Amino acid sequence: MFKSPSKNLVAWLQAGPMMLVFAAFFLLPLCFVVMVSFWDYNEYEMIPGFTTRGYYESFEGCVAQLPGLCTILKTYLETIKLCFLTWAFTLVIGFSVAYFLAFHIKSKSMQIGLSLLCTIPFWTSNVIRMIAWIPLLGRNGLVNSGLMHMGVIDKPLDWLLFSEFAVVLSLVHLFTFFMVVPIFNSLIRIDKRLIEAAYDAGATGWQTLWNVVIPLAKPGIVIGSIFVITIVMGDFITIGVMGGQQLAAAGKIIEVRLNALQFPAAAANAVILLVITFLIISALSKLVDIRKEL
Amino acid sequence: MSKKNVISRRSVLKGAAGLVGAAAGSGAITGFPYIMSQEAKVLRYLGTAVNEGDDISKKCFADTGIKIEYITATTDDVTKRVITQPNSFDVLDTEYFSLKKLVPSGNILGLNAKKIKEFDNITPVFTKGELPNGKKIGNQGTAPWKVLYLEGENSTKFSKTPTEHVTLIPTVYNADTLGIRPDLIKRPISSWSELLNPEFKGKASILNIPSIGIMDAAMVVEASGLHKYEDKGNMTKAEIDLTMKIMTEAKKSGQFRAFWKDFNESVNLMAAGETVIQSMWSPAVTKVRSMGIDCTFQPLKEGYRSWASGFCVSKGVSGKKLDIAYEFVNWYLSGFAGAYLNRQGYYSAVLSTAKANMSPDEWGYWMEGKAAVADIKAPDGTTLEKAGAKRDGGSYEDRMGSVACWNAVMDENDYMVRKWNEFIAA
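A. Fine view of the overall build of chain A. Looking only at helices and strands, chain A features 14 helices and two strands. Across its three principal axes, chain A shows a C-alpha extent of roughly 80 × 70 × 40 Å. Contacts in chain A between residues far apart in sequence, at least 24 positions, make up 69% of those at least 6 positions apart. Counting every atom, chain A has about 16,700 Å² of accessible surface; 74% of that belongs to carbon and sulfur.

B. Looking closely at the interface of chain A and chain B. With 33 residues of chain A at the contact, the number on the chain B side is 37 residues. Of the roughly 3,100 Å² buried between chain A and chain B on both sides combined, carbon and sulfur atoms contribute 48%. The largest share of the area that chain A buries against chain B comes from Tyr44(A), Arg139(A) and Gln246(A), three residues that together contribute 23% of it. Among the salt bridges present, the one from Lys101(B) reaches Glu43(A), with a minimum N-O distance of 3.8 Å. The tally of links from chain A across to chain B stands at 19 residue pairs in polar contact (both at pLDDT 80 or more). If you list the elements that add at least two residues to the side of chain A that touches chain B, you get α2 (53-58), α3 (71-104) and α12 (250-259) of chain A. The element that contributes the greatest number of residues to the side of chain A that touches chain B is α12(A), accounting for seven residues. Classifying every residue of the side of chain A that touches chain B gives 13 nonpolar, 10 polar and 10 charged.

C. Broad picture of the domain arrangement of chain B. Residue and element names in this part refer to chain B. In terms of domains, chain B is made up of domain 1 (39-175 + 307-358) and domain 2 (178-302 + 395-425). One C-alpha centre belongs to domain 1, the other to domain 2, and the line joining them spans 27 Å. Taken together, the contact pairs 31 residues of domain 1 with 27 residues of domain 2. Counting each side, the surface lost to burial between domain 1 and domain 2 is near 2,400 Å², with a carbon and sulfur contribution of 56%.

D. Main features of empty space enclosed by the protein. Within this structure, the stated rule accounts for five cavities of 30 Å³ or more. Considering only enclosed or pocket space, the largest cavity measures out at about 180 Å³ in volume. For the largest cavity, the lining is made up of 16 residues, of which Asn259(A), Ala260(A), Asp76(B), Lys101(B) and Ser211(B) are closest to its centre. Those elements that place two or more of their residues in the lining of the largest cavity are α12 of chain A together with α4 (75-84), α8 (210-223) and α17 (413-425) of chain B. When residues of the lining of the largest cavity are assigned to domains, at least three fall in each of domain 1 (39-175 + 307-358) and domain 2 (178-302 + 395-425) of chain B. In this model, the second largest cavity occupies a volume close to 150 Å³. At five residues, the largest contribution of residues to the lining of the second largest cavity is made by helix α11 (residues 282-290) of chain B. Among the residues making up the lining of the second largest cavity, the classes are represented as five nonpolar, three polar and five charged.

E. Highlighting the state of the cysteines. All names here are of chain A. The final tally for this structure, using the stated rule, is one disulfide over all chains. With a sulfur-sulfur separation of 2.0 Å, Cys62 is cross-linked through a disulfide to Cys70. Judged by the torsion about the S-S bond (75 degrees), the Cys62/Cys70 disulfide is right-handed. The residues Cys62 and Cys70 share a single accessibility class, namely buried.

F. Quick peek at the packing of α12(A) against α17(B). Interhelical geometry of α12(A) versus α17(B) gives an angle of 155 degrees and a closest axis separation of 10 Å. Regarding the angle of α12(A) to α17(B), the classification is roughly antiparallel. Between α12(A) and α17(B) lies a crossing whose hand is right-handed. Residue-level contacts link Ile253(A), Val256(A) and Arg257(A) of α12(A) to Asp414(B), Val417(B), Arg418(B) and Asn421(B) of α17(B). Grouping the constituent residues of the contact of α12(A) with α17(B) by class yields three nonpolar, one polar and three charged.

G. Examining the packing of aromatic side chains more closely. Residue and element names in this part refer to chain B. Applying the stated criterion across every chain, the model contains 31 aromatic pairs over all chains. Where Tyr173 meets Tyr396, the ring centres are 6.3 Å apart and the plane angle is 70 degrees; that geometry is what we call edge-to-face. Of this pair, Tyr173 sits in strand β10 (residues 169-176) while Tyr396 sits in helix α16 (residues 396-401), and the two are 223 residues apart along the sequence. Here Tyr173 falls in the buried class, since its relative accessible area comes to 0%.

H. Examining the confidence of the model for chain A more closely. Per-residue confidence for chain A gives a mean pLDDT of 89, with 97% of residues at or over 70. Mean pLDDT values over the elements of chain A span from 65, in helix α14 (residues 290-293) of chain A, up to 94, in α3(A).

I. Here's a closer look at the pairing of strand β3 (residues 91-95) of chain B. Residue and element names in this part refer to chain B. Taking burial as the measure, the five residues of β3 include five buried ones, the bulk of the element. Burial along β3 is two-sided: the residues Val91, Asp93 and Glu95 and Leu92 and Thr94 are all buried. Looking at chain direction, strand β1 (residues 42-47) and β3 are connected through two bridges and run parallel. If you follow Tyr45 over to β3, its bridge partner there is Val91. Note: β3 against strand β15 (residues 304-314), five bridges, orientation antiparallel. Bridging from a neighbouring strand, Thr94 pairs with Gly310 of β15.

J. Main features of a nonpolar patch on the surface. All names here are of chain A. A cluster of nonpolar side chains, namely Phe84, Leu85, Phe89, Val92 and Ile93, defines an oily patch on the protein surface of about 450 Å² accessible area. With respect to the helices, strands and loops of the structure, Val92 is situated in helix α3. Classification of Val92 by relative accessible area gives exposed; the value is 55%.

K. Broad picture of the sheet that holds strand β14 (residues 296-298) of chain B. Residue and element names in this part refer to chain B. Taken in spatial order, the four strands make up an open sheet running β12-β13-β11-β14, and their pairing is mixed. Looking at which strands have only one partner, the edges of the open sheet turn out to be β12 (204-205) and β14. In the sheet, strand β11 (residues 178-180) pairs with β14 via three bridges, with the strands oriented antiparallel. Paired with Gly179 across the bridge in β14 is Phe297. Against the sheet, helix α10 (residues 263-271) touches β11, β12 and β13 (277-279), its axis set at about 170 degrees to β13.

L. Inspection of the layout of surface pockets at higher detail. Here the second largest pocket is characterised by a volume of approximately 430 Å³. Taken together, 22 residues make up the lining of the second largest pocket; nearest its centre are Phe162(A), Ser163(A), Gln246(A), Leu247(A) and Lys251(B). Secondary structure elements with two or more residues in the lining of the second largest pocket: α3 of chain A together with α9 (237-252) and α17 of chain B. Tallied by class, residues from the lining of the second largest pocket come to 10 nonpolar, five polar and seven charged.

M. Quick look at the confidence of the model for chain B. Looking at chain B, the pLDDT average stands at 88 and 91% of residues meet or exceed 70. This stretch, residues 1-38 of chain B, has a pLDDT under 50; its non-local contacts, to residues over four places away or in other chains, come to four contacts.

N. Highlighting the environment of Lys377(B). Residue and element names in this part refer to chain B. Among the secondary structure elements, Lys377 is positioned in strand β17 (residues 376-377). With relative accessibility at 38%, the residue Lys377 sits in the partly exposed group. C-alpha separation for the pair Lys377 and Glu249, spaced 128 residues apart in sequence, amounts to 43 Å. Look past the residues within four positions of Lys377 in its chain and what remains in contact with it is Arg343, Thr382, Thr383 and Leu384.

Cut-off values and rules
Residues numbered from 1 in each chain as written. Chains lettered and ligands numbered in written order. Predicted model: local features only at pLDDT ≥ 70, side-chain atom pairs only at ≥ 80, totals over all residues. Heavy atoms only, no water. Helix = DSSP H or I, 4+ residues; strand = E, 2+ residues; numbered from the N terminus. Contact = heavy atoms within 4.5 Å. Areas by Shrake-Rupley, 256 points an atom, 1.4 Å probe, with all protein chains shown as cover. Buried area = accessible area lost by both parts, 1.4 Å probe. Salt bridge = Lys/Arg side-chain N within 4 Å of Asp/Glu carboxyl O. Polar contact = N/O pair within 3.5 Å; in protein donor to acceptor, adjacent residues only side chain to side chain. Nonpolar A, V, L, I, M, F, W, Y, C, P; charged D, E, K, R; others polar. Domains from an automatic or database assignment. 1 Å grid on protein atoms, 1.4 Å probe; cavity = no way out; pocket = protein on both sides within 12 Å on 5 of 7 lines; lining within 4 Å. Points joined across faces, edges and corners; volume = space filled by probe spheres on them. Disulfide = S-S within 2.5 Å. Buried < 20%, exposed > 50% of the residue type's maximum accessible area, 1.4 Å probe, protein only. Axes fitted to C-alpha atoms, helices over the stretch in contact; angles between N-to-C directions. Parallel < 35°, antiparallel > 145°, perpendicular 65-115°, else oblique. Left-handed = near helix turned anticlockwise from the far one by under 90°. Phe/Tyr/Trp six-rings, centres within 6.5 Å; stacked < 30°, edge-to-face > 60°. pLDDT = per-residue confidence, 0-100. Pairing = 2+ DSSP bridges. Patch = residues over 30% accessible without salt bridge, like charges linked within 9 Å, V, L, I, M, F, W, Y side chains within 5 Å.

What follows is the structure in structure tokens.
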């Protein structure tokens, strides 16, 4: 597959602007972050040089405290746990919504209309969508007073708010849509004749779903998963507000260090987070070759 | 995909490139008004929302013709901005405890006391660490008189003896304590140790700004008789470990409902009954009360944790701009702003000018601990207290005289921040 030189040049020129934007606003800052993560610092400034202090102190106590867990391991376990729960719920809910939109809604205009309906929550800001849960779930909130009124419980449930439950609930509420869109995109491209063929061959509904629909929806599932996982791994605002600032999050560590003006330590933590997120994403993309499937 | 589609996508790309160009062009155009505005008397004022009232900037413009452009940020972000973007503001309104970070950075310039008209009338709380009646106040932590003077005009070193070069011209200060919901607690509260009382399990909170939160934690630890600190504002590593261990145990047993980080969070926690006892700021208590909910800024026998703030300028400010800055600071201390701050429950650095701008009844309620004769109004006109009410904690002398420690940046700040992260993760 050889292209003529002129065609090649045109291709480069077309990719050029994106490449420049990518290099200037992503690669270059990332290089700075990695560079700064190896600098030293004091109370008020960064000191250029080379030290592993930022990393060394981040993993402080990880060997000494064995078999107990050190701060950073505890933090990442908590973050990954929240991430996994959010991913699992958004996947099940997102897939169901996308499946309904793709296979049960016949008219194209109705499909578009309902998809747009899914975006309504996005008309307000992230923070407002999150804070809206607080009067609902609080100790004297609607859910608690409703349940008490019905006589289901006799004293308010405290775990409804400022808990892992609240965090996962609001993350699922915030990010399910990021799962719906790519999965829906994969599902509508499935050739309907394949499903008819499965049906003719005697497959049950579940068998068709498991052996035909889900394998073909894999690219959408993986793309949606990448969206959700990368957002949740770096989140500290939702986990902070809904968790009552009492839950550890990888992003939270970075925020605390930034606020204390310890930029190199914050950069080191950012690099650690990046590496771990990258490992998760590359494991996911092992499952399916996204380039091939698109 | 058909060829036609590909081509149309490319034309979209070209269109997008055009848009980027247009955006860059318009960016250049916005440069002009900024340069012109240098001619007018404009000051970019960086600070927290606490002191940045619209009434103050309007009155300032009416009196002096100086237009104040507020740049509002949280306490941490103000410090961050001074360190990273010293040219993005002219006047800085910040707390004394952050000076330990800001002054060595060389990004701020102190002002000259001789050019401040009311400097000699500034309360001795700042200059000598004592009340106007001569009573000494607690000096643990970064007390303002420890960091008030610089060795020279452009010095980055604090002077132990008074000089004319002042780090921050004092403006406002207060004594903080725990806020409680007396209607839900139903008994008197008199000690910081109550914060960890199992009676309030799941209904307590402290603030999640490490340098301030650990001071409140230290007040609690000391009140519980678990440890006596040499200086709560400058703990040793062992003391930090001990303090965080006690707080971690409380956290694990579910003592805290949530930690709060900004004013509104603290108001919501208290107003919704999620918490009944927590660290709080004076205007937040006032806000809860103005919602018709019973809330007290409870004086405690171990005393208050105090804070103070003031003005300096960016290192980029000189010449005419510096003159405007002096004019502004002099106006600020001339009374209107001081009275405004006093009416919010804070204290003005120059008491005499503030007094001249308040009614005797207001002065009696806010400063002398007397029962209000008429209803007490907030600066915006809403009624804060009915006639007959008395201020929590009483008079200025009673409140400021009971200060136990000041907000601080510790020598072991780096270690403390790491321990704080460990506390959150526990």
